[in-house]
Structures are given as C-alpha cells and as structure tokens.
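Read off the chains here:
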Amino acid sequence: MDSIASPAALQGVRVIEMGQLIAGPFCGKTLGEFGADVIKIEAPETGDPLRNWRLIKEGTSVWWQVQSRNKRSVALDLRQKEGQDIARQLIAEADVLVENFRPGTLEGWGMSPEELHALNPGLVMLRISGYGQTGPYRDLPGFGAIGEAMGGLRHLTGEPGRVPVRVGVSIGDTLAALHGTIGVLTALYHRKVNGGKGQVIDVALHEAVFNVMESLIPEYSAFGAVREAAGSALPGIAPSNAYPCTDGWVLVAGNGDSIFKRLMDAIGRPDLGAAPDLANNTGRVARVEEIDAAIGAWSAQRTVQQVLDALGAARVPAGKVYTAKDIAEDPHYRARDMLLTQQTRDGYSVEVPGIVPKLSGTPGTIRSSAPHLGDDTDAVLAAAGLTAEQIALLRNKGVIQ
C-alpha cells in the first residue's frame, strides 16, 4: 500500500480539546498525529499552563512543542456566557470532546453530557478526572501523582523500606490519556459501524494506573499477599534485575527457562544452568539471591558494553540504562524515526519524539508545529459562521484573543 497517498487514519474527525496540562492534551496529541483536526480551547492571556512548564526557550516550554503539535489554538474565555455559547457551537459540529476538568465544571457552564448530546447526538465525550465522574471521591482534586499512589503503583516503586519514589515522568496522566484514546476510538467505531450514538467515556486517573497493576489484587485475594517494593528486581520472576558494572548498571532479563541456561553459560556458571531445581521459574525464585549474586559478581568485573556484547552473543535480553543523551545518540532510535526535527513557530528547530504506534498504511505525521496562543481563533470562528464584526466585538469584550 502506498502510505504517502493514503488519507490519514482519522482524517475527517473533528476534536475539541478543552483540557490542559497532560492527560487530556496527550489524548488530543495522539489523535492529532493520526489525522484528527484538533481544536484546542485555551484561556485568553494565560493559555494552557504547560506552555510554561519545565525548560523554556523563546518564551515557551519545549515540552509544549511536542504536546501541542498538529493542534489549532482558539483563545476563548469559558467563564463568560459568550464564550460558553461559542464552545457549544463548536462542539455541535465536532465528533469528539476531550476535557479533564474537575467533575461538575462543564455542568456549571451549561455543557453537561445531556445538554451536549441534545445538540450533537453523535458526540463522543472523553472526561478524564482524578477519581471519575461518580463515587464518594469524585469532587476531590486529583493529579497524576495522586492517581499513581491510589492505583497502587507508588507503593511498589523504590527500595524496600525507603520512601516511595516517582517513576520520573507523569505516568499516571499518560496512562489515563492512553486509556481515554482507546475509549474514543472504540466509541467512534461503534458509532460508525454499529450505528450507535455518541457516549461518555469516564476515565479516572487512579483506575488507569490500577488497570496495569498485573497480579496485584488476585494475589491479595487468593493468598492475602501484599506486594511490596523490590527495587530494581521483578518479584516472583527470576532472574530479572539491575546488575553493577565497572562503569554503570545493566538490566538483565534471564527469566525464560532456556534463556536462563544460556545466561549461566555466558557468565561461566553452567552448574547453575544445569541444576534441576532451577529449570523453572518457581525454583529460581526460591534461590534468586544466589542467582543474582552470581550474575552481579560476573558483571561487576566488566564494563556495560562488555556485558551487553557477551549477553547479546548468548541471545540473553539485556540493556543499559539510557539517559536522554544515550537516546539522542542511538542509531536504532534514528533508524525507526523516533527522533524527528520539528520547526517551531518561534523560528528554531528542536528534536522531538517520533510517533507511536507505527501504522504501515496510515502512519502518523507531524503536519503542523505547536501553535501560539490564539493563532487560529479567527479562522476557526469564521469557519463556524461568525462575521468579522462579531469576532472583533468578542475580542473587545475579552471573550477571545
């Protein structure tokens, strides 16, 4: 199939993004990369706070350049009645609404699901919040970090007995966004193929984290076992850990039965590889400390690269702990277009992550750079039927920018 000539997978899908920071906008980013027309509504003057998060270049966060590519910015004050009227007008012609306000916020603006579906019966409405739209905690404020804690993830991060640590990125928000994206695509498919109407997708941050917690609850239910933090190890699966080298650390996953034998041969411990009680994972878990010590004693006498070379030759999964510099210099990342150069509207170029997942026929693309605040206000409102005089009046009143 000629992927260049193919239409984008989500071409023709109109998305109104009313969220800010990470969870809602990451969903909008993903939909936009596959062809959806994403109109981002931002507050006049301030815009999305992400514009000013972390490292700033030419007055704007470089993070913004990734999170908001392929989007159009409309600066609209949703606190004013005129702004709410315009939002409803835009939503009436949209396929998808993405929002991550506290529950009840949209209802206070006259944009409850019932009111919006009366305007647009086919609307797919994604609502991301800390605790969901129902339940006793629905009105509590919740950020990704809190969702990670309630979802069970934070209890498992870090070293045993030490303070729970962050994963290092806003994984709770991103997991919620990805679950939201799945919900949007599922609802769009149902609407198109099964003749269904629009619907509400309710994503709670803690539930998105909880959904990837593997055997956490079944183990507690069946055995009363409370899984605890285990540092770099993977509890109940052996060997899988981080091991010291002369110049850093290397991760080794030798937990497959045949892989374990090859690993033991590679480190000069065929005795362990041939031990009958270590032929399966259950036996290896019982002797995991001995196995880890053997691997660590071998790796500690070698550089990271020497370990990787030896284990690669033995077909044992292993890898070094990458930094941003390592990623930027890695040929595999570049060979798979995971490092792209993006021209910003501020006039400089910046390397940004590529697009995931990779579709053979309708791959994602970067069609436009991240917008300045209100770059597209006039064009979007004009397309919605407002005259130049109406737009000017709204601007004078501070409803738009």
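Let us look at the structure shown here. Residue numbering note: each chain is counted from 1, following its sequence as written. The predicted nature of this model means local features are confined to residues of pLDDT at least 70 and side-chain atom pairs, given and counted, to a pLDDT of 80 or more, with totals for whole chains, interfaces and linings taken over all residues. With hydrogens and water stripped out, all remaining heavy atoms of the structure feed into the side-chain values.

**A look at the overall build of the protein chain**
Piece 1. Check the secondary structure of the protein chain and you find 18 helices and 13 strands.
Piece 2. Looking at the protein chain residue by residue over its 401 residues, the buried ones come to 45%.
Piece 3. Sequence-distant contacts, at least 24 apart, represent 67% of the contacts inside the protein chain between residues at least 6 apart.
Piece 4. Surface exposure of the protein chain reaches about 20,000 Å², of which carbon and sulfur atoms provide 56%.
Piece 5. For the charge count, each Lys or Arg is scored as positive and each Asp or Glu as negative, with His and the chain ends excluded. Lys charges are placed at NZ, Arg charges at CZ, Asp charges at CG and Glu charges at CD. For the protein chain, the distance from the average site of its 38 positive side-chain charges to the average site of its 45 negative ones is 2 Å. Only DSSP runs of H or I covering at least 4 residues are called helices, and only runs of E covering at least 2 are called strands; the numbering of each starts at the N terminus. Relative accessibility under 20% of the residue-type maximum defines a buried residue, over 50% an exposed one, and the middle range a partly exposed one, all with a 1.4 Å probe and only protein chains included. Here, residues are in contact when the closest pair of their heavy atoms is within 4.5 Å. All accessible-area figures derive from a Shrake-Rupley calculation using a 1.4 Å probe, and residue coverage is judged against the displayed protein chains alone.

**Regarding the sheet that holds strand β11 (residues 318-320)**
Pairing between sheet strands relies on hydrogen bonds along the backbone, with the strands arranged either parallel or antiparallel.
Piece 1. Here we have 3 strands laid out as an open sheet, ordered β9-β10-β11, and antiparallel in their pairing. Both outer strands of the open sheet, β9 (240-245) and β11, are each paired with one neighbouring strand and no more. Here the strands of the sheet are splayed against their neighbours by 25° on average, with no regard to which way each runs.
Piece 2. Across 6 bridges, β9 lies against strand β10 (residues 248-253) in antiparallel orientation. Within the sheet, the bridge partner assigned to Tyr243 lies in β10 and is Val250. Here a strand pair is declared whenever DSSP counts at least two bridges between the two strands. In this analysis, axes come from line fits to C-alpha atoms, helices being fitted only over the stretch in contact, and the angle between any two N-to-C directions falls in the range 0 to 180 degrees.

**Details of the nonpolar core**
Piece 1. The biggest cluster of nonpolar side chains holds 31 residues, and the ones touching the most others in it are Val15, Val96, Leu126 and Val184.
Piece 2. For this core, the secondary structure elements donating two or more residues are α1 (23-33), β6 (96-99), β7 (124-129), α7 (171-193), β8 (200-204) and α8 (205-210).
Piece 3. Broken down by element, this core gets its largest block of residues, 6 residues, from α7.
Piece 4. Ignoring anything within four residues of it in the chain, the contact list for Val15 reads Leu31, Ala36, Asp37, Val38, Ile39, Val96 and Val98.
Piece 5. Side-chain atoms within 4.5 Å link the members of a nonpolar core, which is a set of buried Ala, Val, Leu, Ile, Met, Phe, Trp, Tyr and Cys residues. Met18, Ile39, Leu76 and Ile400 belong to the second largest nonpolar core, which has 27 residues in total.

**A few points about the pairing of β7**
Piece 1. A large share of β7 lies buried, amounting to 6 of its 6 residues.
Piece 2. Side chains of β7 alternate between two faces, with Val124, Leu126 and Ile128 and Met125, Arg127 and Ser129 buried alike.
Piece 3. By the bridge criterion, 4 bridges tie β6 to β7 in an arrangement that is parallel. Among the inter-strand pairings, Glu99 is bridged to a residue of β7, identified as Arg127.
Piece 4. Sheet analysis places β7 next to β8, joined by 5 bridges and oriented parallel.

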